[in-house]
Amino acid sequence: KSVNSTGDNISHSKNCTKCFDVDRLEDSKFVSWALLGGKDSYDNYGMGAGNEFSYENVFIGEQAAHIYFSSVVLSSHHVYYSYNCHGCSKLFGCVGLRNKQYCIFNKQYSKEEYEALVPKIIDHMSNMPYADEKGKVYTFGEFFPFELSPFYYNETIAQEYFPLTKEKAMDQGYGWRDPEERNYTVDVPANSLLDHIADADDSVIGKVIECAHKGTCNE
């Protein structure tokens, strides 16, 4: 029940390009996991009900609009470069705020001060952009740099969707965590596992089960 859309697992949607796992989404592109409706959004992963006019975000909750380059922002609008803010409006570069408005870097401003300062910050970000160790430039309009992520590439779901070797991940500027060396003695070979857990008895508890790939995988 979708029209003019491409991607996978799309329902009750229209005009969606390269969208995945979406329902009741309209006029959007590069959106994944938006199952409760939304519209006019681009490059988002995880959208709650009623989202609209949002760009380059990760997990923005219900009734959020005009959210840009942010993560975990719920019931808010006109929010830029912020993280874990709920019930807010007119934020720039804020973290962990609740029911606030006209804040920059978590500092409260008047409406007039906010509207005067934000354009200056945007100009500064555009004229003197941040560059990471690989030389990738992050001007205003880009999501946070990879090197600011608290997670390593091979610890995230990205490794499941787009598996990379350590060398390729680091070449692209991602972090990588090498597995801790553990010299376990295997108790249960992988090829001896039963087909269903319901068929197993308590003897398997506390046993070391062999990796099916003999430890050569990136999982």
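These numbers were taken from a predicted model, which means no experiment stands behind them.

Caption draft 1: Fine view of the environment of tyrosine 130. Topologically, tyrosine 130 is positioned in strand β16 (residues 130-131). Note on tyrosine 130: relative accessible area 39%, which makes it partly exposed. C-alpha of tyrosine 130 to C-alpha of glutamate 112: the two residues are 18 residues apart in sequence and 28 Å apart in space. Residues within four places of tyrosine 130 in sequence aside, it is in contact with Lys136, Val137, Tyr138, Pro145 and Glu147.

Caption draft 2: Structural detail: unusual backbone geometry. Notably, tryptophan 33 is not glycine yet its phi reads approximately 60 degrees, a positive angle. Despite not being glycine, glutamate 56 shows a phi value in the positive range, around 60 degrees. Following the sequence through the fold, glutamate 56 ends up in strand β8 (residues 55-60). With relative accessibility at 14%, the residue glutamate 56 sits in the buried group.

Caption draft 3: Summary view of the pairing of strand β3 (residues 19-23). Counting buried positions along β3 gives 4 out of 5 residues, so the element sits mostly inside the fold. Pairing of β3 with strand β4 (residues 25-34) involves 2 bridges; the strand directions are parallel. From the neighbouring strand, phenylalanine 20 faces β4, where its bridge partner is serine 32.

Caption draft 4: Representation of the side chain of serine 13 within the structure. Looking at where serine 13 falls in the secondary structure, it is placed in the loop between β1 (7-11) and β2 (14-17). Side-chain polar atoms of serine 13 contact the backbone oxygen of serine 11, separated by 2.8 Å. Residues contacting serine 13, with those up to four places away along its chain left out, are Lys1, Ser2, Val3, Ser5, Val22, Asp23, Arg24 and Leu25.

Caption draft 5: Structural detail: the nonpolar core. In this structure, Leu25, Val31, Leu91 and Leu97 are the most contacted members of the largest nonpolar core, which totals 18 residues. Of all the secondary structure elements, the ones that give two or more residues to this core are β3 and β4. With 3 residues, β4 is the single largest residue contributor to this core. Leave out the neighbours within four places in its chain, and leucine 97 touches Asn84, Cys85, His86, Cys88, Leu91, Cys103 and Asn106. Grouped together as the second largest cluster of nonpolar side chains are 10 residues, Phe69, Phe92, Ile104 and Ile121 included.

Caption draft 6: Looking closely at helix α1 (residues 111-127). In this model, α1 (17 residues) spans 25 Å end to end at C-alpha, consistent with the 24 Å of a helix rising 1.5 Å per residue. Where α1 is concerned, the buried positions are Tyr114, Val118 and Ile121. End-on view of α1: buried residues confined to an arc of 70 degrees, all on one side of the axis. α1 presents Glu112, Lys120 and Asn127 as exposed residues on the side facing more than 90 degrees away from its buried surface. On its buried side, α1 packs onto β11 (77-80), β13 (89-92) and β14 (101-104).

Rules used in this analysis
- Residues numbered from 1 in each chain as written.
- Predicted model: local features only at pLDDT ≥ 70, side-chain atom pairs only at ≥ 80, totals over all residues.
- Heavy atoms only, no water.
- Helix = DSSP H or I, 4+ residues; strand = E, 2+ residues; numbered from the N terminus.
- Buried < 20%, exposed > 50% of the residue type's maximum accessible area, 1.4 Å probe, protein only.
- Contact = heavy atoms within 4.5 Å.
- Pairing = 2+ DSSP bridges.
- Polar contact = N/O pair within 3.5 Å; in protein donor to acceptor, adjacent residues only side chain to side chain.
- Core = buried A, V, L, I, M, F, W, Y, C linked by side-chain atoms within 4.5 Å.
- Expected span 1.5 Å × (residues − 1).
- Arc of directions from axis to C-beta.

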